[in-house]
Amino acid sequence: MQHQNITFIGGGNMGKSLIKGILNAGYPKEKVTVSTPFAEEINTLKQTFGINGLTDNVEAVKNAEIVVMAVKPQMMHDVLTQFASSGIDFSKKLLISIMAGVTTGRIAELVPGLTRIVRVMPNTPALIGLGMAGLFPAAGASEADKKFAEDLLGCCGKTVWVDSEEGIDNITSLSGSAPAYFFLFLECMANKAAEYGFSEKDARSMLEQVILGSAQMVINNQDKSIAQLREAVTSKGGTTYEALKVFNESNLNDIVSRALDACKKRAEEMSKQF
Ligand SMILES: NC(=O)C1=CN([C@@H]2O[C@H](COP(=O)(O)OP(=O)(O)OC[C@H]3O[C@@H](n4cnc5c(N)ncnc54)[C@H](O)[C@@H]3O)[C@@H](O)[C@H]2O)C=CC1
Ligand SMILES: O=C(O)[C@@H]1CCC=N1
């Protein structure tokens, strides 16, 4: 991929994951800058990654060809209005936004001249190169802009393009927030392991192996449906059947469906709120 000057606005959970992802893929450190208003955080980010760091967002984007907005949606208005009044020509920059529930239209409205925008919904496994990201290009994004965004997120895992902003809200529900769903399930199982008397260490090790093994089974058996993999565990008259019966009696499918809809609805609400 092309190594252009890239500035991350925000270096929290997701910003750090992307920075680590691109550095691991060989992006030159000297071309990467991060900006947050907090000097201590910037020092830590500089020390951890060896990249440039500033506490002034406007200064940080002056020489950037690419700006990645990695702040909470609540901070977006403040940051973008700073940019708008800075006198910097944003028509020359590509802005990649990872902010949940913030539309490309809203971003363009706040920064005059800015048209080259790609909206992205990543997830935190980007940190270890196993991310999943959805991408949506605003009308003003060029083919080269789209390629850069795809390559950037490609350094951190898999990518998929969607053809609407709603598609990004769907991705938020399906993969952006999804690591937390699986972590919650593991937390519930860890609680039971503790109740059975396992040490925290043994319980964690067991759960790590179960989720890793299950994920790898899905990946390695492309000729089988996920239902078939489940059925292969479920002996007739056996133990698994009883566990699955409890999930089904509580209508797990409906619980999952409602949870994912709630996630998407919140993204839609945020697009009106911020
Ligand atoms: N955490 C996740 O799993 C995912 C998060 N996102 C999106 O990524 C964005 C960031 O989320 P997190 O990293 O989880 O949040 P976070 O709270 O961990 O990080 C936010 C970062 O923004 C910085 N910041 C705060 N005010 C600022 C300002 N005025 N100017 C510059 N930087 C400022 C903070 O110091 C921090 O470095 C959000 O918009 C979220 O919707 C998207 C996908 C997944
Ligand atoms: O919870 C959130 O709002 C962000 C977006 C997707 C994952 N975390």
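Residues numbered from 1 in each chain as written. Chains lettered and ligands numbered in written order. Predicted model: local features only at pLDDT ≥ 70, side-chain atom pairs only at ≥ 80, totals over all residues.

### Points about the packing of helix 7 (residues 165–176) against helix 12 (residues 252–273)
Axis angle and axis distance: for two packed helices, these are the angle between their axes and the distance between the axes, and together they describe the pair.
Reasoning step 1: Remark: helix 7 packs on helix 12, axes separated minimally by 8 Å, with the N-to-C direction vectors making an angle of 140°. As judged from the angle between their axes, helix 7 and helix 12 are oblique. Between helix 7 and helix 12 the crossing geometry is right-handed. Touching D169, N170, T172, S173 and L174 of helix 7 are L260, C263, K264, A267 and E268, all from helix 12.
Reasoning step 2: Here the contact of helix 7 with helix 12 is built from residues that sort into 4 nonpolar, 3 polar and 3 charged. (Axes fitted to C-alpha atoms, helices over the stretch in contact; angles between N-to-C directions. Helix = DSSP H or I, 4+ residues; strand = E, 2+ residues; numbered from the N terminus. Parallel < 35°, antiparallel > 145°, perpendicular 65-115°, else oblique. Left-handed = near helix turned anticlockwise from the far one by under 90°. Contact = placed C-beta atoms within 7 Å. Nonpolar A, V, L, I, M, F, W, Y, C, P; charged D, E, K, R; others polar.)

### Some points on the pairing of strand 2 (residues 32–35)
Reasoning step 1: The alternating pattern of strand 2 places V32 and V34 on one face and T33 and S35 on the opposite face, and all of these are buried.
Reasoning step 2: The sheet contact formed by strand 1 (residues 6–9) and strand 2 spans 4 bridges and is parallel. Each residue of the ladder has a partner; that of I9, found in strand 2, is S35.
Reasoning step 3: For the crossover from strand 1 across helix 1 (residues 13–24) to strand 2, the handedness is right-handed.
Reasoning step 4: The pairing of strand 2 with strand 3 (residues 52–54) spans 3 bridges and is classified as parallel. Each bridged residue has a counterpart across the sheet, and for S35 the counterpart in strand 3 is L54.
Reasoning step 5: For the crossover that starts at strand 2, traverses helix 2 (residues 39–49) and ends in the parallel strand 3, the hand is right-handed. (Buried ≥ 20, exposed ≤ 12 C-beta atoms within 10 Å, placed from the backbone. Pairing = 2+ DSSP bridges. Right-handed = clockwise from strand over helix to strand, strands pointing away.)

### Some thoughts on the site of ligand 2
Reasoning step 1: In the region of ligand 2, the neighbouring residues are A100, T172, G176 and S177.
Reasoning step 2: Counted by class, the shell around ligand 2 contains 1 nonpolar, 3 polar and no charged residues. (Near = placed C-beta within 6 Å.)

### Observations concerning the site of ligand 1
Reasoning step 1: Near ligand 1 there are 28 residues, and of these G10, G12, M14, M99 and A100 occur at the shortest range.
Reasoning step 2: Sorting the residues of the shell around ligand 1 by element identifies helix 1 and helix 4 (73–84) as the ones contributing at least two each.
Reasoning step 3: Ranked by residues supplied to the shell around ligand 1, first place goes to helix 4 with 4 residues.
Reasoning step 4: When its residues are assigned to classes, the shell around ligand 1 shows 14 nonpolar, 11 polar and 3 charged.

### Some details on the sheet that holds strand 3
Reasoning step 1: Judged by pairing direction, the sheet is mixed, and its 8 strands sit side by side in the order 3-2-1-4-5-6-7-8 without closing on themselves. In this open sheet, the two strands that pair with only one neighbour each are strand 3 and strand 8 (157–161). In this sheet, neighbouring strand axes are inclined to one another by 25° on average, regardless of whether the strands run parallel or antiparallel.
Reasoning step 2: For strand 1 and strand 4 (residues 66–69), the ladder comprises 4 bridges, and the chain directions are parallel. Looking across to strand 4, one finds that I9 is bridged to M69.

Read these as layout, nothing more, since geometry by itself doesn't imply function.
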